[in-house]
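# Observations on chain architecture
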Amino acid sequence: MSIIKDFLLQLTLLIIPIFIYFTFILERVKKDRNITVIMTILWGISILLCMSFPVNVGETARLDIRFIPLLLGTLYLGFWPGILLSTLIILYRLSLGVSLGFYNTVLVLVLSLPVILYFQKSFIRSKKDKKAVIALGLSFYYCVLGLTIFTILIGFSFDYLKVQLLHLVFMVAVTLFCIVFIEKIREIHQLRSDVQNSEKLRVISELTSVFAHEIRNPMQVTRGFLQLLDDPDLPHKKKEYIKVSIEELDRANEIIDDFLAFGKPSENLNGKVNAGDQVERVANLIQSFSLNHQVEIKTDIVGDCWIDANPQKINQSLINIMKNAVESMPNGGIIWVACSPDADGFIRISIKDQGVGMTKQQIDRLGNPYYSLKEKGTGLGMMVSFQIIRSFKGKIFVNSEKGAGTEFIILLPQAVF
Ligand code: ADP
Ligand code: MG
């Protein structure tokens, strides 16, 4: 019974890095290199813990599932993490003393690591089911190898064989569990970013007709002036017509630029972003949409507002919030958009409307998927915006009064230079 208890403890030690990865790292750390470093360290800790609390069998044998963090680390992270984790195992085993067990460890590793590395590339490319099969095969191979080498080095014992078989079943089951678990959570995460993208496309398609209109306006104005230029009776106004035409064309160009910037597929590019510029940009972009609804947008950007973020994602969430603000004022009104650094090391963005407002219950439901009070709403805009802001360690507060208006306050940590 106590052997099973020990094995279960090992399982717990193994799952900790997986949990840490999905709760704290996946959303926040964007660079692949950093993720690899952090995960190698986490798997390393897991290996040390598993080896520190082994399942002791008799005098000589220590069993643990250190191989699983090594296996998962190597399969998901690649060559160097695999080498590092193996070295860690050898060094830790060495610190316990050079005995037959040590040689056993080294031999098993030397014979199993190349096999894992050989399968690593095809593992990464495979679908969930094939991944499970590869990992199971490797796990099985490791156990049989371990048993064989142990028998050669130390000798055969029936009791030990029994425990080894239990070890084998446990290893295979845990490997399967981990792969299914990791892949399932990855799938959920993927689904989430798919929703973000499809929501973005929806907003674009909704705004497109307004933009087409916005771009047609300057073209028509310019066309009119070009016609007038042809008129021989108006020579003194020529300069002004040309100036206005150029201004109009520049404006059309700007609208197209903003629109394209928003429509571009988001790359995972984080960096120093001036939130003030982005707020200004989004306010400009939404201006054409808002004027259609008799809504005016007033911006007030103060100081340098540098944050660490992905500009496209920040824009996406600002657009969702401003678009809601416009839509909350069916009879027109004003939206105040402000952005400034505050005293606590945050950049504060506030978007305040004079719209229909929300009750306490409505505010609480904000950000839940598919929660919408609009006839043609999707109820995904707020969910996506909240996700984005949180992923940059930001916070969102909503103050609203039914019939009076709503204020969204976004706090994002200031960038450190
Ligand atoms: P959608 O805009 O498609 O309805 P959202 O997730 O963007 O979905 O918004 C969800 C709901 O939250 C809206 O239907 C609306 O009832 C409410 N809401 C969001 N922003 C505001 C606002 N500024 N004023 C009033 N209600 C709002
Ligand atoms: Mg919306």
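See the structure shown above.
This section reports on the structure supplied with the text. Small disclaimer: the values here were computed from a predicted structure and weren't measured.

### Focus: the overall build of the protein chain
Helix and strand counts for the protein chain stand at 12 helices and nine strands. In terms of overall size, the protein chain is more extended than a compact globule, its C-alpha atoms giving a radius of gyration of 30 Å where 417 residues would be expected to give roughly 22 Å. Dimensions of the protein chain along its principal axes, counting C-alpha atoms only, are 110 × 50 × 40 Å. In the protein chain, buried positions account for 44% of the 417 residues. A separation threshold of at least 6 residues defines the contact pool for the protein chain, and within that pool the share at least 24 residues apart is 74%. A total accessible area of about 22100 Å² is found for the protein chain, and carbon and sulfur atoms account for 61% of it. Each charge sign in the protein chain was given a centre, from 43 positive and 38 negative side chains, and these centres are 8 Å apart.

### Some remarks on helix α4 (residues 79–95)
Spanning 17 residues, α4 covers 25 Å between terminal C-alpha atoms, matching the ideal 24 Å at 1.5 Å per step. Listed as buried for α4 are Pro81, Gly82, Leu85, Ser86, Ile89 and Arg93. Down the axis of α4, the sector holding all buried residues measures 135 degrees, keeping them to one side. Of the residues in α4, the exposed ones pointing more than 90 degrees away from the buried face are Trp80, Leu84, Leu91 and Ser95.

### Concerning the pairing of strand β7 (residues 346–353)
Within β7, six of the eight residues are buried, which leaves it mostly tucked inside the rest of the structure. Summarising the sheet, strand β6 (residues 333–341) and β7 pair through six bridges and their orientation is antiparallel. Each bridged residue has a counterpart across the sheet, and for Pro341 the counterpart in β7 is Ile347. Once β6 ends, the chain turns through four residues before running back antiparallel as β7, passing Gly345 with a positive phi of about 85 degrees. Judged from the eight bridges that link them, β7 and strand β9 (residues 405–413) form a sheet pairing that is antiparallel. Residue pairing in the sheet places Asp353 in a bridge with Thr406 of β9.

### Remarks on the side chain of Glu183
Structurally, Glu183 can be placed in helix α7 (residues 158–229). In this view, Glu183 contacts Tyr76, Lys128 and Lys131; residues no more than four positions away in its chain are not counted.

### A few points about the sheet that holds β9
Spatially, the five strands line up as an open sheet ordered β4-β6-β7-β9-β8, and their pairing is mixed. In the strand order of this sheet, the two ends are held by β4 (295–301) and β8 (395–401), each with one partner. Each strand of the sheet is rotated relative to its neighbour by a mean of 10 degrees, with strand direction disregarded. The pairing of β8 with β9 spans seven bridges and is antiparallel. Opposite Val398, over in β9, you have Phe408 as the bridge partner.

### A look at the site of ligand 1
In the vicinity of ligand 1 lie 19 residues, with Asn324, Ser372, Lys374, Thr378 and Met382 positioned nearest. The contact in question runs from a nitrogen atom of ligand 1 to an N or O atom on the side chain of Asp353, over 2.9 Å. Here ligand 1, which alone exposes 530 Å², has 95% of that area covered by the protein. Only α10 (311–327), α12 (381–391) and β9 provide two or more residues apiece to the shell around ligand 1. Partitioned by chemical class, the residues of the shell around ligand 1 number eight nonpolar, nine polar and two charged.

### Details of helix α9 (residues 275–292)
Under the 1.5 Å per step criterion, the end-to-end length of α9 is 26 Å for 18 residues, consistent within 8% with the ideal 26 Å. The sharpest bend along α9 measures roughly 40 degrees and falls at Ile286. Every buried residue of α9 is listed here: Ala275, Gly276, Gln278, Val279, Val282, Ala283, Leu285, Ile286, Gln287, Ser288, Phe289 and Ser290. Its side-chain oxygen 3.0 Å from the backbone nitrogen of Gly276, Asn274 forms the N-cap of α9.

How each quantity is defined
- Residues numbered from 1 in each chain as written.
- Chains lettered and ligands numbered in written order.
- Predicted model: local features only at pLDDT ≥ 70, side-chain atom pairs only at ≥ 80, totals over all residues.
- Heavy atoms only, no water.
- Helix = DSSP H or I, 4+ residues; strand = E, 2+ residues; numbered from the N terminus.
- Rg over C-alpha atoms; globule rule 2.2 N^0.38 Å.
- Buried < 20%, exposed > 50% of the residue type's maximum accessible area, 1.4 Å probe, protein only.
- Contact = heavy atoms within 4.5 Å.
- Areas by Shrake-Rupley, 256 points an atom, 1.4 Å probe, with all protein chains shown as cover.
- Lys, Arg positive; Asp, Glu negative; His and termini not counted.
- Charge placed at Lys NZ, Arg CZ, Asp CG, Glu CD.
- Expected span 1.5 Å × (residues − 1).
- Arc of directions from axis to C-beta.
- Pairing = 2+ DSSP bridges.
- Axes fitted to C-alpha atoms, helices over the stretch in contact; angles between N-to-C directions.
- Near = heavy atom within 4 Å.
- Polar contact = N/O pair within 3.5 Å; in protein donor to acceptor, adjacent residues only side chain to side chain.
- Nonpolar A, V, L, I, M, F, W, Y, C, P; charged D, E, K, R; others polar.
- Bend = angle between axes of the 7 residues up to and from the residue.

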